[in-house]
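Close look at the chain arrangement
Below are the chains, spelled out letter by letter.
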Amino acid sequence: MTVLKVEDLTKDYGSFILNKVSFSMEKGRIMGFIGRNGAGKSTTLKAMFDHVHKDSGVVSFFGLDYTQNEAKIKQRVGFVGGGIDFYGRKKLSLITDVYRSFYENWDDAAYKRYMTMFSLDESKTPLKLSQGMKVKYALTLALSHHAELLVLDEPTSGLDPVSRRELLDVFLSLQKSGVSILFSTHITEDLEKCADDITYIKNGRIIASGDINAFKDAYAVVHAQAFTDQQQKFLIGVRQDKSGSSALIKAEDAGKLPLPCSKAALDDIMIHMERE
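Our subject in this report is the structure included herewith. Here the structure is a predicted model, which is why all the values come from computation and not from measurement.

The nonpolar side chains of a soluble globular protein tend to be buried with one another. In terms of nonpolar packing, the biggest core is built from 50 residues, with Tyr137, Leu150, Phe171 and Ile181 touching the most fellow members. The biggest single contributor to this core is helix H5 (residues 131–143), with seven residues. Sequence-distant contacts of phenylalanine 171, defined by excluding residues within four places in its chain, comprise Ile30, Leu152, Pro155, Ile181, Phe183 and Cys194. Met25, Ala47, Val52 and Val151 belong to the second largest nonpolar core, which has 27 residues in total.

As structure tokens, then:
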């Protein structure tokens, strides 16, 4: 079952264009939405929910057009955007009461479980929370109404390594119960631990979207003191380091270059592609 389909999503700011972004997600999958800062990740996610007015394109959740079924879809989707901000002087308990009233399937037991898991205190106000704790609270709200799809903008940003690992464990646990998760990030290490699929955006365009292992297997990294002109035509994004140079190549071209070659990690692919 397709839980999310984005078709030709476009937004023109003049200096930046989100250019016909298209990708889809299947039920029960975890998808990482990757790209460097400014590539269009947040704009895409906001445009999906009309937080940014798109110029064109169609976004559907569970086969339902978002513009026609916004209220119904919001009951089934949890969205945590970047730049999380709450009423700074209101207690979390009061903010929760407001959120609780919006959702038909609100689960107080789940809410208390996540508050405990993330060591959150209802008597505190957002002004007394670190950015990482604000992220945890926003996630708690999103997780407490049994959302079938979670869409999260940089959820691990600002979290320490232990908290990031705990959050990824939560993702994997939710996936086992059938929840689908789309989250944007520039921390590729997190994706290696939990993602089934990736969608890679560069300068407002989708470069690739699909199974993460198939994506990584399509590339390799070659190393040399210097690359010849003949070799250059196979290279994607040459990078200099202390031992010489490295470059990304298509895995199918590995046999054409008599050079030391290694498997490409997701980080390797991003770094080299951004130098292309």
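So, next bit.
Another point: the packing of aromatic side chains. Here the structure, examined in full by the defined rule, presents nine aromatic pairs. With a centroid separation of 6.4 Å and 25° between ring planes, the pair formed by tyrosine 114 and phenylalanine 118 is classed as stacked. For the pair formed by tyrosine 114 and phenylalanine 118, the shared burial category is buried. An aromatic cluster is built from Phe49, Phe61, Tyr66 and Phe79, whose rings are joined through pairwise contacts.

An ideal rise of 1.5 Å per residue puts 18 Å on 13 residues; H5 measures up with 18 Å between its terminal C-alpha atoms. Taken residue by residue, H5 has Gly132, Lys134, Val135, Lys136, Tyr137, Ala138, Leu139, Thr140, Leu141, Ala142 and Leu143 as its buried positions. Against strand S6 (77–80), helix H3 (92–100), helix H4 (108–117), strand S7 (149–153) and helix H6 (161–176) lie the buried residues of H5.

Relative to the 22 Å expected for 16 residues at 1.5 Å per residue, H6 spans 23 Å between its end C-alpha atoms, a close match to the ideal helical length. Restricting attention to buried positions, one finds in H6 the residues Ser163, Arg164, Leu167, Leu168, Val170, Phe171, Leu174 and Gln175. For H6, the arc enclosing every buried residue in end-on projection is 150°, short of the 170-degree limit, so these residues lie on one face. Exposed and oriented more than 90 degrees from the buried face of H6 are Pro161, Val162 and Lys176. Contacts made by the buried residues of H6 are with strand S3 (30–34), H4, H5, S7, strand S8 (180–185) and helix H7 (188–194). By the N-cap criterion, in which a side-chain oxygen at the helix start approaches the backbone nitrogen of a residue two or three places on, H6 is capped by aspartate 160, the distance to valine 162 being 3.0 Å.

Okay, the pattern of salt bridges next. All chains considered together, the criterion is met by 16 salt bridges. Residue lysine 74 is joined to glutamate 70 by a salt bridge in which the shortest nitrogen-to-oxygen separation is 2.8 Å. Of this pair, lysine 74 and glutamate 70 both sit in helix H2 (residues 70–74), separated by four residues, roughly a single helical turn. Its salt-bridge partner being arginine 76, residue glutamate 148 comes within 2.8 Å of it at the nearest N-O pair. Taken together, the residues glutamate 148 in the loop between H5 and S7 and arginine 76 in the loop between H2 and S6 connect sequence positions 72 residues apart. Glutamate 148 sits in the partly exposed class, given a relative accessible area of 31%. Residue classification places arginine 76 among the partly exposed positions, given a relative accessible area of 23%. Three or more residues joined by partner-sharing salt bridges are found here, namely Arg164, Glu189, Asp190 and Lys193.

To continue, consider the sheet that holds S7. Backbone-to-backbone hydrogen bonds join strands into a sheet, with any given pair of strands oriented parallel or antiparallel. Taken in spatial order, the six strands line up as S6-S7-S8-S3-S9-S10 in an open sheet, and their pairing is mixed. In the strand order of this sheet, the two ends are held by S6 and strand S10 (205–211), each with one partner. Averaged over neighbouring strand pairs, the angle between their axes works out to 10° when direction is ignored. Bridging between S6 and S7 involves four bridges; their strand directions are parallel. Residue pairing for S7: phenylalanine 79 is matched across the bridge by valine 151. Along the sheet, helix H10 (residues 266–274) contacts S3, strand S9 (197–202) and S10; its crossing angle with S9, the most-contacted strand, is approximately 15°.

Calculation notes
Residues numbered from 1 in each chain as written. Predicted model: local features only at pLDDT ≥ 70, side-chain atom pairs only at ≥ 80, totals over all residues. Heavy atoms only, no water. Core = buried A, V, L, I, M, F, W, Y, C linked by side-chain atoms within 4.5 Å. Buried < 20%, exposed > 50% of the residue type's maximum accessible area, 1.4 Å probe, protein only. Helix = DSSP H or I, 4+ residues; strand = E, 2+ residues; numbered from the N terminus. Contact = heavy atoms within 4.5 Å. Phe/Tyr/Trp six-rings, centres within 6.5 Å; stacked < 30°, edge-to-face > 60°. Expected span 1.5 Å × (residues − 1). Arc of directions from axis to C-beta. Polar contact = N/O pair within 3.5 Å; in protein donor to acceptor, adjacent residues only side chain to side chain. Salt bridge = Lys/Arg side-chain N within 4 Å of Asp/Glu carboxyl O. Pairing = 2+ DSSP bridges. Axes fitted to C-alpha atoms, helices over the stretch in contact; angles between N-to-C directions.

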